[in-house]
Protein chains: 2
Amino acid sequence: MNVVIMGCGRVGARLAELLEADGHSVAVVDIDAYSFRRLPDNFSGNALIGNGLDQEVLKRAGIEKADAFVAVTQGDNRNVMAAQIAKHIFNVPRVICRIYDPLRRDLYQTLGIDGISPTTVFAQMLKEKLES
Amino acid sequence: MNVVIMGCGRVGARLAELLEADGHSVAVVDIDAYSFRRLPDNFSGNALIGNGLDQEVLKRAGIEKADAFVAVTQGDNRNVMAAQIAKHIFNVPRVICRIYDPLRRDLYQTLGIDGISPTTVFAQMLKEKLES
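These lines cover the structure that appears in this document, whether it is placed above or below. Keep in mind that what you see is a predicted model, and the values were worked out from it rather than measured.

## Some thoughts on the overall build of chain A
Step number 1: Of the regular secondary structure elements, chain A holds five helices and six strands.
Step number 2: Scanning chain A from its N terminus toward the C terminus, one meets helices and strands in the order β-α-β-β-α-β-α-β-α-β-α.
Step number 3: Radius of gyration (C-alpha) of chain A: 15 Å, near the 14 Å computed for a compact globule of 132 residues.
Step number 4: The principal-axis extents of the C-alpha atoms in chain A amount to approximately 45 × 35 × 25 Å.

Here is the structure:
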């Protein structure tokens with residue numbers, strides 16, 4: 001599977017590592033070159049400096065042949081906008097974005113954006129762990 | 001179950017809400033009174049302003065009768081320290097803390113602290129979602 005990840009923070013870098021370990025082809029885009037330090041030393045995917053909202057940058061990252069796009073920058077709005085570009089302009093089959101704000105997530109869900117709120121996921125997981 | 005939560009950020013507040021909805025008795029401690037705005041309007045648990053590393057504050061929150069303690073402030077070190085106080089001084093049966101840094105989490109795991117790294121949890125979840 002070809003995957004483009006926007007945002008090389010802790011989650012983006014970790015996801016890139018996990019996907020590569022499973023044999024997927026990964027490209028990571030981040031505006032900050034320093035963020036790529038989080039990638040493992042033996043990372044063999046593509047690391048591109050650039051803004052993931054820029055269609056030229058996305059093309060260089062291989063979005064036109066991507067099977068999946070994941071937006072995990074720190075900004076909810078950026079993630080949602082990038083997800084919409086990937087989904088509606090480049091027709092990427094599988095698009096996921098992180099949306100911290102649960103209310104905003106619900107709104108975008110109705111617009112067809114598959115947003116995941118780490119807040120909700122994590123709180124739910126803690127609850128289940130406590131009650132188990 | 002009596003649960004004391006340290007940190008009323010998005011996750012702490014959401015967890016308090018979820019636990020209360022399941023019939024548990026919840027106390028939330030935070031140094032910032034403004035953080036309690038995140039609790040639901042009908043929250044009937046205890047919201048205490050104070051530092052969760054202060055044993056007097058923890059006692060006021062009912063730590064001596066707590067079945068569980070959860071540390072979810074923004075600081076890994078604070079969370080770990082509070083978890084150790086809850087576990088070793090107040091003998092709370094179930095103690096969980098958030099540790100963002102996966103490396104630090106592994107270290108404390110060997111010291112008997114049940115730390116959860118949202119980074120790891122979330123990246124793993126995204127991977128499974130992409131591969132499903």
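Past the structure itself, the notes keep going.
## Quick word on the relation of the copies chain B and chain A
Step number 1: When chain B is fitted onto chain A, the two copies agree to an RMSD of 0.0 Å after a turn of 180° and an axial shift of 0.0 Å. Accordingly, the operation relating the two chain copies is best matched by a two-fold axis.

## Considerations on the sheet that holds strand 3 (residues 46-49) of chain A
Residue and element names in this part refer to chain A.
Step number 1: The strand order across the open sheet formed by six strands is 3-2-1-4-5-6, and the pairing between neighbours is parallel. Each edge of the sheet is formed by a strand with only one pairing partner; in this case those strands are strand 3 and strand 6 (115-116).
Step number 2: Sheet topology places strand 4 (residues 68-71) next to strand 5 (residues 94-98); four bridges connect them, and they run parallel. Among the inter-strand pairings, Phe69 is bridged to a residue of strand 5, identified as Val95.

## Quick notes on the sheet that holds strand 3 (residues 46-49) of chain B
Residues and elements named next belong to chain B.
Step number 1: As summarised here, the arrangement of the six strands in space is 3-2-1-4-5-6, forming an open sheet in which the pairing is parallel. Both outer strands of the open sheet, strand 3 and strand 6 (115-116), are each paired with one neighbouring strand and no more.
Step number 2: By the bridge criterion, two bridges tie strand 5 (residues 94-98) to strand 6 in an arrangement that is parallel. By the bridge assignment for strand 6, Cys97 is matched with Gly115.

## Observations concerning the interface of chain B and chain A
As a measure of interface size, the accessible area lost when the parts come together is often cited.
Step number 1: Counting from both sides, the interface comprises 34 residues of chain B and, opposite them, 34 residues of chain A.
Step number 2: Between chain B and chain A, roughly 3,200 Å² of surface is buried when both sides are summed, and carbon and sulfur atoms account for 75% of that area.
Step number 3: Area buried by chain B at its contact with chain A is led by B:Arg10, B:Phe122 and B:Leu130, which between them contribute 22% of it.
Step number 4: Taken together, the connections running from chain B to chain A amount to four salt bridges.
Step number 5: Linking chain B with chain A are ten residue pairs in polar contact (both at pLDDT 80 or more).
Step number 6: Those elements giving two or more residues to the side of chain B that touches chain A turn out to be helix 1 (10-21), strand 4 (68-71), strand 5 and helix 5 (118-131) of chain B.
Step number 7: The dominant element in the side of chain B that touches chain A, judged by the number of residues it contributes, is helix 5 of chain B, at 13 residues.
Step number 8: Its residues assigned to classes, the side of chain B that touches chain A shows 19 nonpolar, five polar and ten charged.

## What about helix 4 (residues 102-110) of chain B?
It helps to recall that an α-helix has 3.6 residues per turn; residues three or four apart then point in one direction.
Step number 1: The opening residue of helix 4 of chain B is B:Asp101, an N-cap whose side-chain oxygen sits 3.1 Å from the backbone nitrogen of B:Leu103.
Step number 2: Following helix 4 of chain B by one or two positions, B:Gly112 adopts a phi angle in the positive range, close to 85°.

The rules behind the values
Residues numbered from 1 in each chain as written. Chains lettered and ligands numbered in written order. Predicted model: local features only at pLDDT ≥ 70, side-chain atom pairs only at ≥ 80, totals over all residues. Heavy atoms only, no water. Helix = DSSP H or I, 4+ residues; strand = E, 2+ residues; numbered from the N terminus. Rg over C-alpha atoms; globule rule 2.2 N^0.38 Å. Least-squares fit on C-alpha atoms with pLDDT ≥ 70 in both. Pairing = 2+ DSSP bridges. Contact = heavy atoms within 4.5 Å. Buried area = accessible area lost by both parts, 1.4 Å probe. Salt bridge = Lys/Arg side-chain N within 4 Å of Asp/Glu carboxyl O. Polar contact = N/O pair within 3.5 Å; in protein donor to acceptor, adjacent residues only side chain to side chain. Nonpolar A, V, L, I, M, F, W, Y, C, P; charged D, E, K, R; others polar.

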